[in-house]
Amino acid sequence: MYAASHKKFDVIVIGGGHNGLVNAAYLAKAGKKVLLLEKRHVLGGASVTEEIFPGFKFTVFSYVVSLFRPEIIRDLNLTQHGLMILPLESTLTPLPDGRYLYRGPDHFENYRNIAMFSRRDADAYEDYSREMYFMAKAVKYILGVIPPHPTSLHPKELRGLLRMAQHFLGLPAEQFNILVRLMTMSSADFLLRWFESEPLLGTLSASGIIGTFLGPRSPGTAYVLLHHYMGEIDGAFRAWGFAKGGTGGIAEAIASAARSLGVHIRSSTQVSQVIVKDGKAAGVALADGEEIYARVVVSSLDPYHTFLKLVDPNQLPPEVVADVERYIFRGSSGKVNLALDAAPELACLSGPGAHLRGAISISPSIDYIEKAYDDAKYGDFSRRPYIDMIIPSMIDPDMAPPGKHVMSCFVQYAPYHLSQGSWDEKREAFGDAVVDTLAEYIPNLKDIILHRQVLTPLDIERTTGLSQGNIFQGELSLSQLFFLRPAAGLAQYRTPLRNYYQCGSATHPGGGITGAPGRLAALEILKDW
Amino acid sequence: MPNEFDAIIIGGGHNGLVCAAFLARASRRVLVLERRPVLGGAAAGEEVFPGFKVDTGASDAGLFNPRIVKDLNLENYGLRWLESPAVLFAPQLEAPGLTLWRDPERTRGEISRLSEKDAARYPGFIRQVSRFADILSGMLTLTPPSLPQWELKELLPWARAALMLKSLGEREMMEFIRLLPMPVADYLDEWFESPRLKAALAAGGVTGNFLGPRASGSALMLLYQAAHSGGAGFRASRFVQGGMGALIEALASAARRHGAEMRTGSQVARILLEDGGAVGVELTSGEQLRASAIASNANPVHTLFGLVGAANLEVRVVREVKNIRLRATLARVNLALDGLPEFTGAGHNGSHERLGGHILIAPDPDYIERAYDQAKYGEFSTQPLLDLTIPTINDPYLAPPGANLMCINAYYAPYKLNDGGWEGNKDKLLETVVAALAQYAPDLPAKITHIQVITPLELDAEYGLTGGDIYHGQMGLDQLLMMRPIPGYGRYRMPVENLHLCGAGAHPGGGVTGMPGYNAAREILKAGVTS
């Protein structure tokens with residue numbers, strides 16, 4: 001294996017997260033000799049499955065999949081390499097008063113369930129779902145284009161802009177207007193155009209805050225809502241899924257595809273520096289001093305590492321350094337993983353059932369989430385957080401020993417910067433807040449917890465390297481999207497250093513397990529070859 | 001029977017008067033109908049307390065477009081500007097307050113007491129904001145294209161704005177684009193470290209919008225408030241000699257001079273429709289007046305639902321109008337004072353020059369954000385953001401000798417309160433505001449002789465600001481340009497033939513700018529108003 005380091009490679013990809021793996025696989029597919037280096041012992045970056053407690057497997061950082069691009073699955077034959085996405089068909093919103101809102105695959109049942117809270121909402125729900133489906137389709141186009149540079153007069157850029165303008169101005173007026181609103185409104189205001197019942201509003205608006213340091217009433221969150229609707233599994237939009245074997249299953253499948261295309265993968269290999277010669281990237285130096293040379297170096301890490309740590313900032317134009325320094329990370333989420341001795345019993349819906357195989361969302365109202373955000377705004381974790389929870393072992397029995405379960409809780413808000421104390425002091429208190437909140441809805445929870453893993457934004461940063469623990473490698477705000485992601489002039493996957501590229505979630509189209517930045521970056525790199 | 005008028009303007013607010021004046025100047029026969037006994041709408045001067053001329057609504061005309069002043073020769077009709085050397089004074093409890101002067105050099109000295117680093121960056125910041133605000137103000141006089149189904153001729157006027165943008169150079173142009181959706185708090189964090197300075201500047205980003213400084217879009221409002229600000233750079237501020245009422249009088253005189261007629265105390269009950277087009281108005285008295293064009297200075301919701309009637313509109317339009325986001329943000333407290341209160345850290349060498357502009361109670365950006373937090377859940381802020389003026393400092397004749405006037409905008413005040421209505425909470429609001437202010441001006445309570453409190457409910461009932469929204473619809477990114485007031489009707493023409501919108505609900509929006517009225521007049525003339 002280590003013999004590989006003596007060969008000269010065409011490309012070195014830094015970081016074995018899903019985007020790095022996709023990037024490496026596409027470049028190898030185009031005939032390049034690719035070496036991929038991963039700091040940790042496992043591949044996948046933030047999409048890994050690890051056996052934290054004996055017999056219990058966790059998708060440690062991430063939890064669901066929906067955004068992964070179908071063209072990548074096809075191009076890389078990921079299905080043959082073991083990728084299997086199990087549908088996550090339902091969302092249950094338990095309420096403090098013992099009622100619940102359940103939405104599953106059955107259209108008529110959904111209507112009845114929503115109508116228990118508001119008949120108007122039940123009627124509007126169908127309209128809403130249809131509109132969002134059209135919107136996701138309209139915006140899907142964006143996921144496949146390189147952001148044009150709006151200030152350039154280069155014919156290529158102008159063509160790109162024109163094509164984009166044609167695409168969007170070609171939409172029917174109704175859809176165009178909805179799109180403008182999605183790009184600008186808060187998820188709360190956007191949803192209030194359709195709905196009135198709190199459990200539905202709360203749960204839908206939660207998709208607008210995932211991964212961001214914003215509340216449902218903050219303008220800009222409707223875009224994040226849309227971002228989460230762009231998910232497509234086997235061509236069906238807004239289909240959340242759970243990868244067989246956890247999100248690590250995706251990484252393993254891409255890694256397997258990459259290997260079969262000839263990519264050399266070295267894990268437990270930390271890159272300390274990108275070697276720059278004559279203003280061009282020439283290779284990498286590892287933490288142990290080894291140097292590996294290649295024609296092209298690609299970083300799948302976030303801009304802080306890509307521009308300020310892996311290279312000497314003095315080799316970059318000062319305004320690029322300034323842009324990267326002000327790039328907003330703002331980690332806002334934590335993760336709590338629980339190993340359970342038995343199946344959890346919900347107060348609102350006891351016993352086994354389909355609802356345990358779906359997502360369970362602690363989001364009783366918009367105000368509930370907004371108040372959780374208020375706590376975080378001033379530097380504290382939410383006392384009563386928004387929690388999106390799944391029980392992977394209900395869907396994939398291999399995740400836990402027979403009869404036992406794993407519970408994967410995505411928690412917001414947990415700000416990276418605390419106003420008082422440190423995360424090392426507050427980690428368990430944060431875990432307690434999550435378990436206490438859940439126990440209100442799952443009375444037997446505290447009795448069945450065997451192990452608990454609490455991951456704060458600081459832990460996410462320490463383990464995965466994601467700056468400030470931001471799962472999207474930077475806030476998905478309008479001023480950091482598209483031709484501004486990660487910054488003006490850096491949005492086309494290139495860097496000011498020749499032969500040095502970026503391919504992580506900090507590039508267009510942003511975070512989530514999409515694989516799209518990795519793929520688009522590979523296409524740009526090949527154009528320059 | 002030929003119509004008596006070419007155009008009837010519903011509402012004599014400043015935009016209605018601007019629209020009337022420009023139509024009259026183009027030789028159209030114009031009638032302005034105002035429901036209240038005085039002209040001016042939310043920019044009126046009224047004798048609320050005996051011997052006082054009170055600006056009951058806006059008191060600062062800094063945003064008023066200079067082009068209108070020039071085209072209508074308003075200075076010939078008695079308009080005189082008063083500019084205080086201090087644009088904004090933010091008192092502090094234990095230390096001298098921070099004053100932002102019209103002269104950036106002087107401000108820089110002031111800031112250096114808080115942070116040398118901030119002082120050094122201030123001129124660059126002012127340069128950027130002024131430059132961006134200039135670009136923006138170039139867009140305020142243009143009619144938005146009707147995207148997505150645009151016509152080339154609608155886009156041509158915007159080519160100039162695009163060129164101006166281009167002339168910024170690549171980096172600054174991208175900065176401008178990046179800035180538009182940003183929260184003002186993030187923008188200021190990029191420039192400065194002093195919370196006090198950041199709060200003083202951030203307040204301009206939240207005026208009139210029901211959002212805190214961490215909300216996306218508030219940086220754009222900072223630029224909007226900085227249009228035509230001249231050298232001061234960050235917030236246009238200019239007062240009118242004789243109070244806001246004098247601007248209204250100048251506008252009305254100019255309009256009359258060109259032949260426009262004004263009737264106060266005349267409330268329009270409905271817009272008369274024939275074959276789906278507006279042909280006139282009916283007053284509450286039953287009188288009917290006909291004209292070939294109607295322009296409404298009322299907000300779009302009242303115009304379309306109250307005056308046209310939802311039954312006369314398409315379902316799609318009804319749905320859009322219903323969804324216009326109207327939000328109350330502020331309550332107004334006007335106080336008559338026998339003497340001038342002493343603010344901590346204002347300096348007392350007989351000079352009150354620090355107090356001549358806006359006085360701001362907001363020690364740091366989080367103070368503003370927390371004030372907003374409370375309002376989100378239906379309470380008025382118990383630690384309110386206060387933005388006040390003492391108009392008598394610049395113009396003593398607004399009050400009897402020795403007396404002073406204080407006009408306070410208190411943020412945030414939602415339209416609907418959780419614990420009962422505004423009726424039972426008016427006194428509590430007043431107490432809260434006076435107590436918050438008395439921390440900085442301990443002798444204030446003893447000097448109060450008269451009080452007027454205008455809650456969002458009264459903004460609605462008395463001034464016709466539906467939902468208490470002073471902007472006739474929130475100026476969020478989703479309600480600007482071709483989306484304002486509703487998509488498809490961003491070019492001043494309403495979904496009813498011959499009906500136009502000339503108030504703040506149309507592009508570019510709220511504030512005493514005169515721009516919606518000015519732009520609407522141009523579009524009405526283009527549409528061809530004939531007798």
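Residues numbered from 1 in each chain as written. Chains lettered and ligands numbered in written order. Predicted model: local features only at pLDDT ≥ 70, side-chain atom pairs only at ≥ 80, totals over all residues.

Caption draft 1: Structural detail: the overall build of chain B. Across its full length, chain B carries 18 helices and 18 strands. Expected size for 531 residues packed as a compact globule is a radius of gyration near 24 Å; at 22 Å, chain B falls within 12% of this value. Within chain B, the fraction of its 531 residues that count as buried is 59%. Within chain B, contacts between residues separated by at least 24 positions form 72% of all contacts whose residues are at least 6 apart in sequence. (Helix = DSSP H or I, 4+ residues; strand = E, 2+ residues; numbered from the N terminus. Rg over C-alpha atoms; globule rule 2.2 N^0.38 Å. Buried ≥ 20, exposed ≤ 12 C-beta atoms within 10 Å, placed from the backbone. Contact = placed C-beta atoms within 7 Å.)

Caption draft 2: Main features of the overall build of chain A. Within chain A, the regular secondary structure consists of 18 helices and 20 strands. With the principal axes as the frame, chain A shows a C-alpha extent of 65 × 55 × 50 Å.

Caption draft 3: Structural detail: the pairing of strand β7 (residues 98-101) of chain B. Residues and elements named next belong to chain B. Alternating positions in β7 separate into two faces, Leu98 and Leu100 on one and Thr99 and Trp101 on the other, with burial throughout. Taken together, the four bridges between strand β6 (residues 86-90) and β7 define a ladder with antiparallel strand orientation. Considered in β7, the bridge of Ala90 is made with Leu98. (Pairing = 2+ DSSP bridges.)

Caption draft 4: Summary view of the sheet that holds strand β6 (residues 91-94) of chain A. All names here are of chain A. Taken in spatial order, the seven strands of this open sheet run β7-β6-β16-β17-β18-β15-β19, and their pairing is mixed. What marks the edges here is a single partner per strand, and that holds for β7 (100-103) and β19 (449-455). When strand polarity is set aside, the average angle formed by the axes of neighbouring strands in this sheet is 20 degrees. Bridging between strand β15 (residues 333-340) and β19 involves six bridges; their strand directions are antiparallel. Note on β19: the bridge partner recorded for Lys335 is Leu455. Of the strands in this sheet, β6, β7, β16 (359-362) and β17 (386-390) are in contact with helix α8 (residues 198-206), which crosses β6 at around 125 degrees. (Axes fitted to C-alpha atoms, helices over the stretch in contact; angles between N-to-C directions.)

Caption draft 5: Representation of the environment of Ile248 of chain B in the model. Residues and elements named next belong to chain B. With respect to the helices and strands, the residue Ile248 is situated in helix α10 (residues 244-257). Between the C-alpha atom of Ile248 and that of His14, which follows or precedes it by 234 residues, the distance is 6.3 Å. Once you skip the residues sitting within four places of it in the chain, Ile248 turns out to touch His14, Leu17, Leu39, Gly40, Ala43, Ala44 and Gly45.

Caption draft 6: Spotlight on the environment of Val321 of chain B. Among the secondary structure elements, Val321 of chain B is positioned in helix α12 (residues 315-322). Counting along the chain gives 17 residues from Val321 of chain B to Leu304 of chain B, while the straight-line C-alpha distance between them is 7.7 Å.

Caption draft 7: Structural detail: the sheet that holds strand β14 (residues 358-361) of chain B. All names here are of chain B. Spatially, seven strands are ordered β7-β6-β14-β15-β16-β13-β17 in an open sheet, and the strand pairing comes out mixed. A strand with exactly one partner marks an edge of an open sheet, and here the two such strands are β7 and β17 (448-454). Across the sheet, the mean angle from the axis of one strand to that of its neighbour is 20 degrees, orientation sign disregarded. Against the sheet, helix α15 (residues 426-438) touches β13 (330-337), β14, β15 (385-389), β16 (404-411) and β17, its axis set at about 125 degrees to β17.

Caption draft 8: Spotlight on unusual backbone geometry. With omega at -5 degrees, the peptide bond leading from Arg485 of chain A into Pro486 of chain A counts as cis. Turning to its location among the elements, Pro486 of chain A is positioned in the loop between α17 (457-464) and β20 (500-502). For the bond from His507 of chain B to Pro508 of chain B, the omega torsion is 0 degrees, close enough to zero to count as cis. Positive phi outside glycine occurs at Arg330 of chain A, with the angle close to 50 degrees. The topology assignment puts Arg330 of chain A in the loop between α12 (318-326) and β15. Of note in the backbone geometry, His472 of chain B takes a positive phi value of approximately 60 degrees without being a glycine. Note on placement: His472 of chain B falls in the loop between α17 (456-461) and β18 (499-501).

Caption draft 9: Seen up close, the nonpolar core. Membership of the largest hydrophobic core comes to 181 residues, with the highest contact counts inside it found for Ala7, Ile8, Ile9, Ala20, Ala21 and Leu251 of chain B. Counting residues per element, this core draws most heavily on α10 of chain B, which supplies nine residues. Discounting chain neighbours no more than four positions away, the residues touching Ile8 of chain B are Leu31, Leu33, Gly280, Val281, Leu289, Ala291 and Ile294 of chain B. The next biggest cluster of nonpolar side chains, apart from the first, holds 159 residues, and it includes Phe242, Phe472, Ala487 and Cys503 of chain A. (Core = buried A, V, L, I, M, F, W, Y, C linked by C-beta atoms within 7 Å.)

Caption draft 10: Spatial organisation of the environment of Ala199 of chain B. Residues and elements named next belong to chain B. Residue position: Ala199 is located in helix α8 (residues 195-206). When the C-alpha positions of Ala199 and His352 are compared, they lie 22 Å apart, and in sequence the two are 153 residues distant. Look past the residues within four positions of Ala199 in its chain and what remains in contact with it is Ala90, Ala362, Pro363, Asp364, Pro365, Tyr367 and Ile368.

Caption draft 11: Region of the structure containing the pairing of strand β14 (residues 291-299) of chain A. Residue and element names in this part refer to chain A. Strand direction decides the pairing type here: strand β1 (residues 9-14) and β14, joined by five bridges, are parallel. Following the sheet pairing, Val11 is matched in β14 by Val296. The pairing of strand β13 (residues 280-286) with β14 spans three bridges and is antiparallel. Paired with Val284 across the strands is Ile292, a residue of β14. Counting the residues that bridge the hairpin from β13 to β14 gives four residues, and of these Gly289 lies at a positive phi of roughly 100 degrees.

Caption draft 12: Local environment of α10 of chain B. Residue and element names in this part refer to chain B. The end-to-end C-alpha distance of α10, which contains 14 residues, comes to 20 Å, matching closely the 20 Å that a straight helix rising 1.5 Å per residue would cover. Judged by how many residues are buried, α10 sits mostly within the fold: 11 of 14 residues are covered. Here α10 has its buried residues at Met244, Gly245, Ala246, Leu247, Ile248, Glu249, Ala250, Leu251, Ala252, Ala254 and Ala255. Looking at the residues trailing α10, positive phi occurs at Gly259, about 105 degrees. (Expected span 1.5 Å × (residues − 1).)

Caption draft 13: Structural context of the confidence of the model for chain B. Across chain B, pLDDT averages 95, with 98% of residues at or above 70. For this predicted complex, the interface confidence reaches an ipTM of 0.95, while the overall pTM sits at 0.95. (pLDDT = per-residue confidence, 0-100.)

Caption draft 14: Here's a closer look at the packing of helix α3 (residues 104-112) of chain B against helix α4 (residues 116-140) of chain B. Residue and element names in this part refer to chain B. Closest axis-to-axis distance for the α3/α4 pair is 7 Å, and the angle between their directions is 155 degrees. In this view, α3 runs roughly antiparallel relative to α4, as classed from their interaxial angle. Seen from above, α3 lies across α4 with right-handed handedness. For the pair α3 and α4, contact is made by Pro104, Thr107, Arg108, Ile111 and Ser112 and by Glu116, Asp118, Ala119, Tyr122, Pro123 and Ile126, respectively. A breakdown of the residues in the contact of α3 with α4 according to their chemical character gives six nonpolar, two polar and three charged. (Parallel < 35°, antiparallel > 145°, perpendicular 65-115°, else oblique. Left-handed = near helix turned anticlockwise from the far one by under 90°. Nonpolar A, V, L, I, M, F, W, Y, C, P; charged D, E, K, R; others polar.)

Caption draft 15: Here's a closer look at the interface of chain A and chain B. Taken together, the contact between chain A and chain B spans 30 residues of the former and 30 residues of the latter. Within the residue set of the side of chain A that touches chain B, elements represented by two or more residues are α6 (173-184), α12 and α13 (366-377) of chain A. Here the element with the most residues in the side of chain A that touches chain B is α6 of chain A; it accounts for six residues.

Caption draft 16: Representation of the packing of helix α1 (residues 18-29) of chain A against helix α18 (residues 516-528) of chain A. All names here are of chain A. In the contact formed by α1 and α18, the axes pass within 7 Å of each other and the chain directions differ by 35 degrees. When the axes of α1 and α18 are compared, the crossing they make is right-handed. From α1, Asn19, Gly20, Val22, Asn23, Tyr26 and Leu27 reach across to α18, where they touch Pro517, Gly518, Arg519, Ala521, Ala522 and Ile525.

Caption draft 17: Representation of the confidence of the model for chain A. When the pLDDT values of chain A are averaged, the result is 92; 96% of them are 70 or greater. Counted against residues more than four places away or in other chains, residues 1-5 of chain A, with its pLDDT under 50, gives four contacts.

Caption draft 18: Region of the structure containing α3 of chain B. Residues and elements named next belong to chain B. Those residues of α3 that sit buried are Thr107, Glu110 and Ile111. For α3, the buried positions fall inside an angular range of 95 degrees around the axis, keeping them on one side. Exposed residues lying more than 90 degrees from the buried face of α3 are Glu105 and Gly109. Looking at the buried residues of α3, the elements they touch are β7, α4 and α8. (Arc of directions from axis to C-beta.)

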